[in-house]
Amino acid sequence: EEEFKWLLQEEVHAVLKQLQDILKEASHRFALPASGSGGAVKQENFVLSTSGTDQVKGVLTLQGDALCQADINLKMPRNNQLLHFAFREDKQWKLQQIQDARNHVNQAIYLLMNRDVNYQFKTGSEVLKLMDAVMLQLSRARNRLTTPATLTLPEIASSGLTKMFAPALPPDILVNFYINLNKLCLTVYQLHVLQPSTTKNFKPAGGSILHNPGAMFEFGNQRYEVSHVHKVECVVPWLNDALVFFTVSLQLCQQLKDKISVFSSYWNYRPY
């Protein structure tokens with residue numbers, strides 16, 4: 001009983017403090033100023049590349065959760081014509097995945113700070129409940145970075161991203177940016193217009209993270225087929241740091257839960 005009291009009063013708070021410190025480090029990695037601090041977020045440049053092909057090359061500038069510049073060269077396979085397109089100067093593209101992950105981290109920190117050092121936990125189940133709530137936020141933060149959204153091709157075609165470029169993207173090119181683990185990815189789809197007289201069976205593709213050549217869709221009264229897909233990516237080191245912090249924090253939460261559970265089961269089954 002004394003040991004369990006010590007666990008609730010001392011060790012739980014030591015773990016909560018450790019979790020807070022790790023998650024504050026994680027939130028710093030998202031490189032966004034704390035509300036009201038007014039600090040500018042630094043810009044970072046990343047070179048897009050892929051192994052084995054140079055059809056697409058580019059440089060992206062990331063500022064916190066926003067792509068503020070994108071400069072892309074695309075070599076067309078049909079005629080080796082080189083296309084160049086860049087973000088318009090007045091445009092930025094928000095990466096919702098980074099924004100959401102950061103919000104979940106901040107929510108986890110808020111939950112932990114709500115139980116300051118003077119707070120007295122009365123029961124093991126109270127600690128388990130808090131750990132579950134924190135772990136839920138951390139799992140959601142991690143999932144936002146590890147699981148890009150599945151989109152249909154018409155959703156990509158109608159996304160605001162298509163209006164970001166100067167010169168405007170040709171109608172037979174679609175682009176999509178997303179985060180996958182610690183990488184910032186760009187997918188470029190080259191399209192082929194399907195003539196009304198075509199003998200192909202038209203089967204519109206569903207939602208996917210990455211569509212393959214041969215995928216068909218209808219947009220603006222026109223039917224298209226994906227003829228070529230180019231995927232290029234770059235590693236963002238601080239996203240890697242954030243993912244490591246999430247993993248370590250989840251392990252700490254689980255270890256504390258396991259300890260509490262061992263005591264609680266002893267408590268429930270102790271002889272009277």
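Just so you know, these numbers come straight off a predicted model, no measurement behind them.

Cut-off values and rules
Residue positions within a chain follow its written sequence, with the count starting from 1. Only residues with pLDDT of at least 70 are given local features in this predicted model, and only at 80 or more are side-chain atom pairs given and counted; all residues enter the totals for whole chains, interfaces and linings. Side-chain descriptors were evaluated using all non-hydrogen atoms of the structure, hydrogens and water having been removed beforehand. The salt bridge definition used is simple: a Lys or Arg side-chain nitrogen within 4 Å of an Asp or Glu carboxyl oxygen. Secondary structure elements follow DSSP: runs of H or I of four or more residues count as helices, runs of E of two or more count as strands, with numbering from the N terminus. Burial classes follow relative accessibility: with a 1.4 Å probe on protein chains only, a residue under 20% of its type's maximum area counts as buried, one over 50% as exposed, and anything between as partly exposed. Note on geometry: axes are C-alpha line fits, over the in-contact stretch for helices, and angles between N-to-C directions span 0 to 180 degrees. Roughly parallel means an angle under 35 degrees; roughly antiparallel, over 145; roughly perpendicular, 65 to 115; everything else is oblique. Handedness of each helix crossing follows the sense of rotation of the near helix against the far helix: counterclockwise by less than a right angle gives left-handed, clockwise gives right-handed. Residues are treated as being in contact if the distance between any of their heavy atoms lies within 4.5 Å. Each polar contact in these results corresponds to two N or O atoms within 3.5 Å; when the atoms are within protein, one needs to be able to donate a hydrogen and the other to accept it, and residues that are neighboring in sequence are counted only if both atoms are side-chain atoms. Think of it this way: DSSP has to see at least two bridges between two strands before they count as a pair.

Observations concerning the pattern of salt bridges
Close approach of charged atoms lets side chains of opposite charge pair. Scanning the model with the defined rule gives 11 salt bridges in all. Between aspartate 65 and arginine 102 there is a salt bridge, with its nearest N and O atoms 3.3 Å apart. Placement of the pair is aspartate 65 in the loop between β2 (56-63) and β3 (66-75) and arginine 102 in helix α2 (residues 96-113), with a sequence separation of 37 residues. Aspartate 65 gets classed as buried once you look at its relative accessible area, which sits at 3%. The residue lysine 231 makes a salt bridge to glutamate 233 at a minimum N-O spacing of 3.6 Å. Assessed through its relative accessible area of 25%, glutamate 233 is described here as partly exposed. What you see here is one network of salt bridges that share partners, running through Glu25, Arg29 and Asp241.

Details of the packing of helix α1 (residues 2-29) against helix α3 (residues 124-146)
Axis separation between α1 and α3 bottoms out at 11 Å; the angle between their running directions is 15°. The pairing of α1 with α3 is recorded here as roughly parallel in orientation. Read as a crossing pair, α1 and α3 show a hand that is left-handed. Note on element contacts: α3 touches α1 through Gly124, Val127, Leu130, Met131 and Leu138, opposite Phe4, Leu8, Val12, Leu16, Leu19 and Leu23.

Section: the environment of histidine 230
Here histidine 230 is to be found in strand β10 (residues 222-235). Histidine 230 sits 55 residues away from valine 175 along the chain, and the two C-alpha atoms are 9.6 Å apart. Here histidine 230 is in contact with Gln55, Val56, Leu74, Pro77, Leu186, Thr187, Val188 and Gln190, once residues within four sequence places are set aside. A distance of 2.7 Å separates a polar atom in the side chain of histidine 230 from a polar atom in the side chain of glutamine 190.

Some points on the sheet that holds strand β7 (residues 173-180)
One open sheet accounts for four strands, arranged β7-β8-β10-β9; its pairing is antiparallel. The open sheet terminates on both sides in strands that have one partner only, identified here as β7 and β9 (216-219). Sheet twist, expressed as the average angle between the axes of neighbouring strands with direction ignored, equals 40°. Relative to β10, β9 runs antiparallel, the two sharing four bridges. Looking across to β10, one finds that phenylalanine 219 is bridged to glutamine 222.

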